[in-house]
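Analysis of the macromolecular model
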Amino acid sequence: MGARPTSPGRGAAVVEVRDLHKRFGANHILEGVTFALREGERAVILGRSGGGKSVLLRHLVGLMQPDSGSICLFGQELVGLKRAALYQLRLQVGVLFQGAALLDSMTVYENVTLGLRTHADLSESELRQHAAAKLAEVGLPGIEDTMPSSLSGGMRKRAGLARAIAMDPRIILYDEPTTGLDPVMADVINNLVLQYGQRPRVTSVVVTHDMTSAFKVGTRFLMLHKGRILFDGDAAALRGCIDPHIAGFIAGDAAALDLMQ
Amino acid sequence: MIVLRIFGALGRLALRQLEHLGGVSIMLLQVARGLPRAGRYAGETVQQMHRVGVGSMGLVALTSVFTGAVATVQARYQFSNLVPDMFLGTVVAKSVFIELGPVLTALVVAGRVSASMAAELGTMRVTEQIDALETLAIPPTDYLIVPRFLATALMLPAVTACADLLAIAGGWFVAVTTLGVSSQIFVSGLRTFFEMGDVFGGLIKAFVFGIVIAHMGCFFGMATSGGAEGVGRATTRAVVAACVLILLNDYVLAEILSRVVFA
C-alpha cells in the first residue's frame, strides 16, 4: 500500500496528473490526486460510487477543468490549453462512456465514422469498409444501418467501443464499461478491453467498481478514496493489502467500511 | 431575519438571471464565431431546415387560416357599417403582413421547435452524447447549434410568407362566403393599399424571431442537468422564454421598423 506517483511501465509517461483539485460547491471531490501512467499500462481506477472516479476520467480528456493542479497527455499540459490544440490532442484519445453515448439520431455506421468523417479525408466506401472492420472487431458485424435505440445494452457498449477505437487512439478511457451488463456480456467487454489494451503503444484507463472486471483487465490499480489516491500498485499488492478501506472494498464488505450504521 | 431571507432570495434570483444572461450572450458569440465554418455541417443545416419548415407547416397553416378568418369577422364587426367593405381587405392584409403573420407563426413555431430543440439537446446532454462529440474533437456549437440557428432563422421567414398567404385566403373565404362581401371588393381593398414594405417588415421580424426560437431552444437544451426531470424543465423554460422574447422583440422591432421600413 502507499502512494507511488510513477510505476515501471513499458514506455514513456503518457498521462501525468499532479496535485489535482476539484470542488463542486462545498464538496471537495478531488483533493490533490497525483499519478503518472506509462505507455502500455492498463490502469484501473477503483473507488466507491460518487467518489470522483468519473470526474477524474473526465479531467483526463479535458471535459472538465480542475480548480488547480496539472494534467499532461503525451507531455502536453491540458489545463488552459487552447481549444484547437485540445481537439488535436483528443484525436489520440478514445472514450467509452458508461451508457455508450451513441448519438440517437444516427445509425451505428454514422456513429462509428463520425470522427473519421470530420477529421480524415476518406471516401464513403472507405468509411464503410472502416466501420465494417471496427464493428467486426467488437463482434457486431452487419449492424451498420441499425439505429442505437434497437440495440441491447451490451451491443450499445460494443458499438460505443467501435466508435472509440475508430481513429486508433493511443489512450483509451473506459467509464464503468461493465455496469448494467450480465456477467457473460461483462466478460465479452472485459475481453475487448484486454484485447485493445494489449496492442502496442496503447494505454488504457478503466474506471470501475467491478472487481472481477478490474482484476481481469488491469495491470495497475489506483484506489481513489476521499478525493485522494489511497493505493497505487499491482494486483498482488492490492489483494494482499490490509488497509480496512481497501480490503473492505475488494471484499464488498459494508461492515468493514463502517456503512452498517 | 425575514428581511434578510427575502433579500437573500432576491439576490440569488438576480444572480441566476445574470448567469442566464451571460450564458445566452456567450452562446450568441459562439454561434457568430462558428458561422464561417457552417458549410462543414451543411447536411445538418438542411436536415434542420426540413424539420423546422416542413415539419411546422401543417400547424402553421391551420393557425393562419383561422387567424385570417377571425381577423375578417372582427374587422367587419368593428366597421359596423361605418367603414366601407372595401377596407376589409386592406385591414386584414395590413394586420396579417405586419403583425399577425410573423407573431402568431413565431409563437406556434416556438411551441413546437424551441421545445423540440431543448428536449433533444437536453437529452443529448444528460446521456453524455454532447460529451461524446467533444471527445471526438467535434465542436458541439458548430455541429449542433449553428445549424439550428441557421435553419430556424432562414425557414421562419419562408413559413411566415406562406402563413401570410393562407391567412389572407382564410379572410377572403369568410368575407365572401359568410359576410356577403364580393371577392372583387375584398381584393381591390387589399391591392389598393398594398405596400411591399409591410411584407418585408414582417419577414424581417420573422427572421429575428427565428433566431430567438433557436437561441432559447439551444440555450436551455445545452444547459440541461438532472436527468429526465431536467429535460422537462429545460423544455418548458425554452418555450416560455421564447414566447416572452418574441413579444418583447416584436415591440422593439415595431418601433424600429415604423421609423425605417413602414415610414
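Residues numbered from 1 in each chain as written. Chains lettered and ligands numbered in written order. Predicted model: local features only at pLDDT ≥ 70, side-chain atom pairs only at ≥ 80, totals over all residues. Heavy atoms only, no water.

**Some remarks on the packing of aromatic side chains**
Residue and element names in this part refer to chain B. Per the stated rule, a full pass over the model turns up five aromatic pairs over all chains. Pairing Tyr41 with Tyr143 gives two aromatic rings, centres 5.2 Å apart and planes at 90°, and the pair type is edge-to-face. Of this pair, Tyr41 sits in the loop between α1 (2-34) and α2 (42-79) while Tyr143 sits in helix α5 (residues 140-177), and the two are 102 residues apart along the sequence. Given the relative accessible area of 7%, Tyr143 is considered buried. Look at Phe97 and Phe194: their rings are 5.7 Å apart centre to centre, the planes differ by 75°, and that puts the pair in the edge-to-face class. Here Phe97 is found in helix α3 (residues 86-126), whereas its partner Phe194 is found in the loop between α6 (183-192) and α7 (196-222), with 97 residues between them in sequence. When its relative accessible area of 8% is taken as the criterion, Phe97 is described as buried. (Phe/Tyr/Trp six-rings, centres within 6.5 Å; stacked < 30°, edge-to-face > 60°. Helix = DSSP H or I, 4+ residues; strand = E, 2+ residues; numbered from the N terminus. Buried < 20%, exposed > 50% of the residue type's maximum accessible area, 1.4 Å probe, protein only.)

**Focus on the side chain of A:Arg58**
Tracing the backbone through its elements, the reader meets A:Arg58 in helix α1 (residues 53-60). Among all residues touching A:Arg58, those that are not within four sequence positions of it are A:Leu63, A:Met64, B:Glu128 and B:Asp131. (Contact = heavy atoms within 4.5 Å.)

**Examining a nonpolar patch on the surface**
On the surface, a nonpolar cluster with roughly 660 Å² of combined accessible area is contributed by B:Val240, B:Val244, B:Leu248, B:Tyr251, B:Val252, B:Ile256 and B:Val260. Position of B:Val240 among the secondary structure elements: in helix α8 (residues 227-260). (Patch = residues over 30% accessible without salt bridge, like charges linked within 9 Å, V, L, I, M, F, W, Y side chains within 5 Å. Areas by Shrake-Rupley, 256 points an atom, 1.4 Å probe, with all protein chains shown as cover. Salt bridge = Lys/Arg side-chain N within 4 Å of Asp/Glu carboxyl O.)

**Let's talk about the interface of chain A and chain B**
Taken residue by residue, the interface counts 24 residues in chain A and 17 residues in chain B. Roughly 1,700 Å² is buried in total at the junction of chain A and chain B, and carbon and sulfur atoms are behind 57% of that figure. Looking only at chain A, the three residues that lose the most surface to chain B are A:Tyr87, A:Leu103 and A:Thr118, adding up to 26% of its buried area. Linking chain A to chain B there are four salt bridges. One salt bridge connects B:Glu128 with A:Arg58, and the closest N-O pair in it is separated by 3.3 Å. In this structure, the connection of chain A to chain B is made through eight residue pairs in polar contact (both at pLDDT 80 or more). For the side of chain A that touches chain B, the elements supplying multiple residues, two or more each, are α2 (83-90), β6 (93-96) and α4 (114-119) of chain A. Considering each element in turn, the side of chain A that touches chain B owes the most residues, four residues, to α4(A). (Buried area = accessible area lost by both parts, 1.4 Å probe. Polar contact = N/O pair within 3.5 Å; in protein donor to acceptor, adjacent residues only side chain to side chain.)

**Remarks on the confidence of the model for chain B**
In the predicted model, chain B carries a mean pLDDT of 93, and 99% of its residues have values of at least 70. Scored as a whole, the predicted complex attains pTM 0.87, and scored at its interfaces, ipTM 0.89. (pLDDT = per-residue confidence, 0-100.)

**Side note on the sheet that holds strand β9 (residues 220-225) of chain A**
Residue and element names in this part refer to chain A. Spatially, β6-β7-β8-β3-β9-β10 is the arrangement adopted by the six strands of the open sheet, whose pairing is mixed. Two strands bound the open sheet, and with one partner strand each, they are β6 and β10 (228-233). For this sheet, the mean angle separating the axes of adjacent strands, direction not counted, is 15°. Pairing of strand β3 (residues 42-46) with β9, which is carried by four bridges, proceeds in the parallel orientation. Directly across from Ala43, in β9, lies its bridge partner Arg220. Strand contacts of helix α7 (residues 183-197): β3, β7 (171-175) and β8 (203-207), with the helix running at about 160° to β7, the strand carrying the most contacts. (Pairing = 2+ DSSP bridges. Axes fitted to C-alpha atoms, helices over the stretch in contact; angles between N-to-C directions.)

**Topic: the pairing of β6(A)**
Residues and elements named next belong to chain A. Residues of β6 alternate between two faces, with Val93 and Val95 on one and Gly94 and Leu96 on the opposite face, all of them buried. Judged from the four bridges that link them, β6 and β7 form a sheet pairing that is parallel. Paired with Val95 across the strands is Leu173, a residue of β7.

**Some words on unusual backbone geometry**
Phi angles above zero are rare outside glycine, and A:Arg201 is one such case at about 70°. Mapping A:Arg201 onto the fold places it in the loop between α7 and β8. In the Ramachandran plot, B:Glu128 falls in the positive-phi region, its phi being about 65° despite a non-glycine side chain. Counting through the fold element by element, B:Glu128 comes out in the loop between α3 and α4 (129-135).

**Some words on the pattern of salt bridges**
Scanning all chains against the criterion turns up 27 salt bridges over all chains. Between B:Glu255 and B:Arg259 there is a salt bridge, with its nearest N and O atoms 2.8 Å apart. Residue B:Glu255 and its partner B:Arg259 are located together in helix α8, separated by four residues, close to a single helical turn. With a relative accessible area of 59%, B:Arg259 lands in the exposed category. Through salt bridges that share partners, A:Arg58, B:Arg125, B:Glu128 and B:Asp131 make up one connected network.

**Here we look at the packing of α2(B) against α5(B)**
All names here are of chain B. Packing of α2 against α5 brings their axes to within 6 Å, and their N-to-C directions diverge by 25°. Between α2 and α5, the angle is such that the two are roughly parallel. Crossing of α2 against α5: the hand is right-handed. Along the lines of polarity and charge, the residues of the contact of α2 with α5 split into 21 nonpolar, nine polar and three charged. (Parallel < 35°, antiparallel > 145°, perpendicular 65-115°, else oblique. Left-handed = near helix turned anticlockwise from the far one by under 90°. Nonpolar A, V, L, I, M, F, W, Y, C, P; charged D, E, K, R; others polar.)

**Section: the pairing of β8(A)**
Residues in a regular strand point their side chains to alternate faces of the sheet. All names here are of chain A. Burial of β8 is extensive: five of the five residues sit out of reach of the surface. Where β3 and β8 come together, four bridges link them in parallel fashion. Bridge pairing in β8 links Ala43 to Val205. The sheet contact formed by β7 and β8 spans five bridges and is parallel. Of the residues in β8, the one forming a bridge with Leu173 is Val205. In this fold, the crossover linking β7 to β8 by way of α7 has right-handed handedness. (Right-handed = clockwise from strand over helix to strand, strands pointing away.)

**Remarks on the sheet that holds strand β2 (residues 27-38) of chain A**
Sheets are built from strands paired through backbone hydrogen bonds, the pairs being either parallel or antiparallel. Residues and elements named next belong to chain A. Pairing in this open sheet of four strands is antiparallel, and the strands run β2-β1-β4-β5 from one edge to the other. The open sheet is flanked by β2 and β5 (76-77), the only strands paired with a single partner. Pairing of strand β1 (residues 13-24) with β2 involves nine bridges; the strand directions are antiparallel. Note on β2: the bridge partner recorded for Val17 is Phe35.

**Focus: α2(B)**
For α2(B), the principal kink sits at B:Met57 and spans about 50°. Looking one or two residues beyond α2(B), the residue adopting positive phi is B:Ser80, at roughly 45°. (Bend = angle between axes of the 7 residues up to and from the residue.)

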